[in-house]
Structure formats: structure tokens, C-alpha cells
Amino acid sequence: MDTAPQSQLRWTLEGFREGALATLPLMPGLCAFGLAFGTIAARKGLSLFDACIMSATVYAGVAQIIVVESWPEQLTFAAIVASAAITALICSRFILIGATMRPWLGGLPAARIYPLLYLLTEPPWLLSTRYYRAGGRDPAFVLGSCTATWVTWVSSTAPGYWLGASLGDPHRFGLDLVMPAFFVAMLVSLWQGPRRAIAWVVGSVVAIATAQLFGGFWYVVTGALAGSITGGFVDD
Amino acid sequence: MIDNDPLGFAAMLAAMTAAVIVCRVGGYWLLGRFAIGPRLRRMLDALPGAVIASTTAPILLTGGLSGWLAVLAAGVTMMAVRNDFAAVVAGVAMAAAARAAGL
């Protein structure tokens, strides 16, 4: 795979639609997650408007839940900086995720690529990676998938806010496992033979060790870095 | 109550959003300053699988039998039919069934 020259990249409505449709299998899981955030925001006393604005702008599910759950008594400068630091820590994996888009999207103009990256979360990233590896060259696919994910997340905040606990336990319906199930399906798609999978094993072991030793949110980044470095030293 | 300080809330949103943007954009921006050689290319290629593995493994370790069964059902379904939707439905249905059975 060489860096795609701009002439090979298209930017079409069909690509956008294909990306949005590829996101459909995830929508129940994204909704359950968005409902959970809405419920927590209501319980902690956020207004409906503030909860929706937060979902639309911050757009980082786990970080939103953690910060709202531990909302400071007084919004001092230090408290705000601390919340931003927690957000950055939880989102630090996106530094790695964004880096993988460089070989593909490096030819796009900055005005197109940077808004796109702002909305890039794991599901569209994985769907787009598979699309690219299968020969897809329309970056509008990424935008379509990102947009569908964002709309689902933002529009499920309000129902969660209103309905709250009356929705029942998503755990009972297995909805908490939509993401793991999707991830494993992606792993099957990304399979390139046992040598490449050494990186996955190393990543898992390091992530588990980090989670056991330190708890918190570091484990995704340490596991991903360890797996990536391993991948760099496994020759083809 | 959170909503007694509109200005503070706006500052909080701005600070959190800035942190998210720096993370989402930073890696891409940083790589633009390097030539991507074969080793770095292989590292980038290994990242999607490594992120999935390191996100999922700790959840499975503590998530009990229903999590394992769900992931197994999703993986086997994906190998058999190569369809994301079928895989997710199989995984979630398996988890719901396992929990209904008290596993």
C-alpha cells in the first residue's frame, strides 16, 4: 500500500451512503450507550439542552460519562483543567487511531480532513480501515460512517434523558456486548494470517496486565502501542 | 445541581472539546511530519487489530461467561457468513440467552 495520490481519491455521495449503511449493525449498541449517557446526565442534574450539546460537541462517550459522574462541586479553573485532562487521557488512543489515517487521507485538503478527524471514533475507523484494505478509495465513506455514528449518538441522548431507568436494563438484552461482538467481527475481517496475529496476542496480554496492575484507562493505549510495536518487528 | 453556572459549563465544554480535538487530530498531524518507512507502515497496519485486542481482552477477563459466549458466537458467525449484521445479532442474542439462562 503506497500513499494514495490525490488523483486516485474520489469524494462522492455514493461513498458517503455506503459508509453510513455500513454503520447500521452498530446502531443498537450506539443507541444503548447514548441512552445510558442521557440517563446519567438527567440523574446528575444537567439540563436536557446541556446534555445534548455536550454529546454533540465533546462527542466522546466514556469521557462524557466519567466527567458527568464526577462533576465538581464548583467549576473552578483547576476543576475544568482536571476534567479536560481526564478527557485527554481517555481519548489518547485516538492519537494512534488518527495516525493510521495518514497514508490514506494524506492527499486530502486540510479543510476536509480535519473536520472528518474530529468525528472519527472506533467504529467508523474500523469500518473505513476494512473498506480501504479491500480497495475502497472514496474518503466520503469515512465521513458517511462518522456522520451516521454522530447522529445516532446525539439523537439517543434525549430519549435516555427523558426515559431514564424505565428503559430497563440493556445488560439483560445483551446490548452491552454489541461493541465487543462488532470488534470480533472486525478482527475476523482483518485476519492476515497467524504471524500478524502475534501483535494481537501481545496487545491483549499487555492490556490485561495494565488493567490488573493500574486499573483506569491506560490499558487501551499500552496494549495498542505494544501490539503496534510488535507488528512493526514482525516481518512479512 | 450542575446547572447553576452557565459560564462555567460553557468553559467545561470548551476545555473537554479541545482535549478531544487534540487527540483525534494530533496523531494524523504528527505523522505528516515524518516519512512513513516500511517499519512504521507495519506498525500502523497492526494498530486496528491491536486496539481491538486491547479494548476487548480486559472486558472478557472480567465479563463472565456470557461475554465469552457472545464473542465466540459473533466470531464464528462472521467466519461463516462474512456479514457484520449477522455477527452482531448472533453475539447479542447469545449474550441475552446466556443471561436468561442464568449464566
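Counting restarts for each chain, with residues numbered from 1 along the sequence as it is written. Lettering for chains starts from A, numbering for ligands starts from 1, and both go in the order in which the items are written. Note on the predicted model: pLDDT of at least 70 is required for a residue's local features to be given, and 80 or more for side-chain atom pairs to be given and counted; whole-chain, interface and lining totals, by contrast, use all residues.

Please explain the nonpolar core as it appears in this structure.
One broad trend across soluble globular proteins is that nonpolar side chains are buried collectively. The nonpolar core is taken to be a set of buried Ala, Val, Leu, Ile, Met, Phe, Trp, Tyr and Cys residues joined by way of C-beta atoms within 7 Å. Field definition: a residue is buried when 20 or more other C-beta atoms are found within 10 Å of its C-beta, exposed when 12 or fewer are, and partly exposed for counts in between, with C-beta atoms placed from the backbone. Ranked by internal contacts, the top residues of the largest apolar core, which has 103 residues, are Val178 and Ala181 of chain A together with Ala74 of chain B. The helix count covers DSSP runs of H or I at least four residues long, the strand count covers runs of E at least two residues long, and both are numbered beginning at the N terminus. Looking at this core element by element, the count peaks at ten residues for helix H1 (residues 6–31) of chain B.

Is there a simple way to think about the environment of Pro180 of chain A in this case?
Relative to the helices and strands, Pro180 of chain A resides in helix H12 (residues 178–190). Exposure remark for Pro180 of chain A: the 25 C-beta atoms within 10 Å place this residue in the buried category. Placed 151 residues apart in sequence, Pro180 of chain A and Gly29 of chain A show a C-alpha to C-alpha distance of 9.9 Å. With sequence-adjacent residues up to four places away left out, Pro180 of chain A is seen in contact with Thr56, Ile59, Gly67, Ala70 and Val71 of chain B. Contact criterion: two residues are in contact if their C-beta atoms, reconstructed from the backbone, are within 7 Å.

Before we go on, may I ask you to explain the domain arrangement of chain A in this structure?
One frequent convention defines the size of an interface as the accessible area lost when the parts assemble. All names here are of chain A. An automatic or database domain assignment supplies the residue ranges for each domain. As far as domains go, chain A holds domain 1 (6–172) and domain 2 (191–236). Here domain 1 and domain 2 have C-alpha centroids that lie 24 Å from each other. Taken together, the contact between domain 1 and domain 2 spans five residues of the former and five residues of the latter. Taken together, the residues that form the side of domain 1 that touches domain 2 break down as three nonpolar, one polar and one charged. All residues other than Ala, Val, Leu, Ile, Met, Phe, Trp, Tyr, Cys, Pro, Asp, Glu, Lys and Arg, Gly among them, are scored as polar; the first ten of these are nonpolar and the last four charged.

What's the story with the interface of chain B and chain A in this structure? I'm lost.
Across the contact, 64 residues belong to chain B and 78 residues belong to chain A. Where the side of chain B that touches chain A is concerned, the elements lending two or more residues are H1, helix H2 (38–63), helix H3 (65–81) and helix H4 (84–100) of chain B. A total of 21 residues in the side of chain B that touches chain A trace back to one element, the largest contributor, which is H1 of chain B. Here the side of chain B that touches chain A is built from residues that sort into 44 nonpolar, twelve polar and eight charged.

Sorry, what's going on with helix H5 (residues 77–91) of chain A here?
An α-helical turn contains 3.6 residues, so a residue and the one three or four places further along point in the same direction. Multiply 1.5 Å by the residue count of a helix minus one, and that product is the helix's expected span. The terminal C-alpha atoms of H5 of chain A lie 21 Å apart, and with 15 residues this matches the ideal 21 Å at 1.5 Å per residue to within 8%. Within H5 of chain A the residues assigned to the buried category are Ser83, Ala84, Thr87, Ala88, Ile90 and Cys91 of chain A. The arc enclosing the buried residues of H5 of chain A, seen along the axis, measures out at 165°, which places them on a common side. Facing away from the buried side of H5 of chain A by more than 90 degrees, the exposed set consists of Ala78, Val81 and Ala85 of chain A. Where H5 of chain A is buried, its residues meet helix H4 (61–69) and helix H6 (93–99) of chain A together with H1 of chain B. Think of the arc as the fan of directions from the helix axis to the C-beta atoms.

Any chance you could explain the domain arrangement of chain B here in plain terms?
Each assigned domain of chain B is listed here: domain 1 (1–34) and domain 2 (46–103). Domain 1 of chain B and domain 2 of chain B are separated by 32 Å when their C-alpha centres are compared.

Would you take a moment to explain the packing of helix H2 (residues 27–43) of chain A against H4 of chain A for this structure?
For any two helices packed against each other, the geometry comes down to the angle between their axes and how far apart the axes lie. All names here are of chain A. Fitted lines through C-alpha atoms serve as axes, helices being fitted only where they are in contact, and the angles separating the N-to-C directions of these axes extend from 0 to 180 degrees. Axis separation between H2 and H4 bottoms out at 10 Å; the angle between their running directions is 15°. The orientation of H2 with respect to H4, classified from their angle, is roughly parallel. Read as a crossing pair, H2 and H4 show a hand that is left-handed. Residues Phe33, Phe37, Ile40 and Ala41 of H2 form the contact with H4, whose participating residues are Gly61, Gln64, Ile65, Val68 and Glu69. Classifying every residue of the contact of H2 with H4 gives six nonpolar, two polar and one charged. Orientation labels follow simple angle bins: below 35 degrees gives roughly parallel, above 145 gives roughly antiparallel, 65 to 115 gives roughly perpendicular, and whatever is left gives oblique. In this scheme the handedness of a crossing depends on how the near helix is turned from the far one: anticlockwise by less than a right angle means left-handed, clockwise means right-handed.

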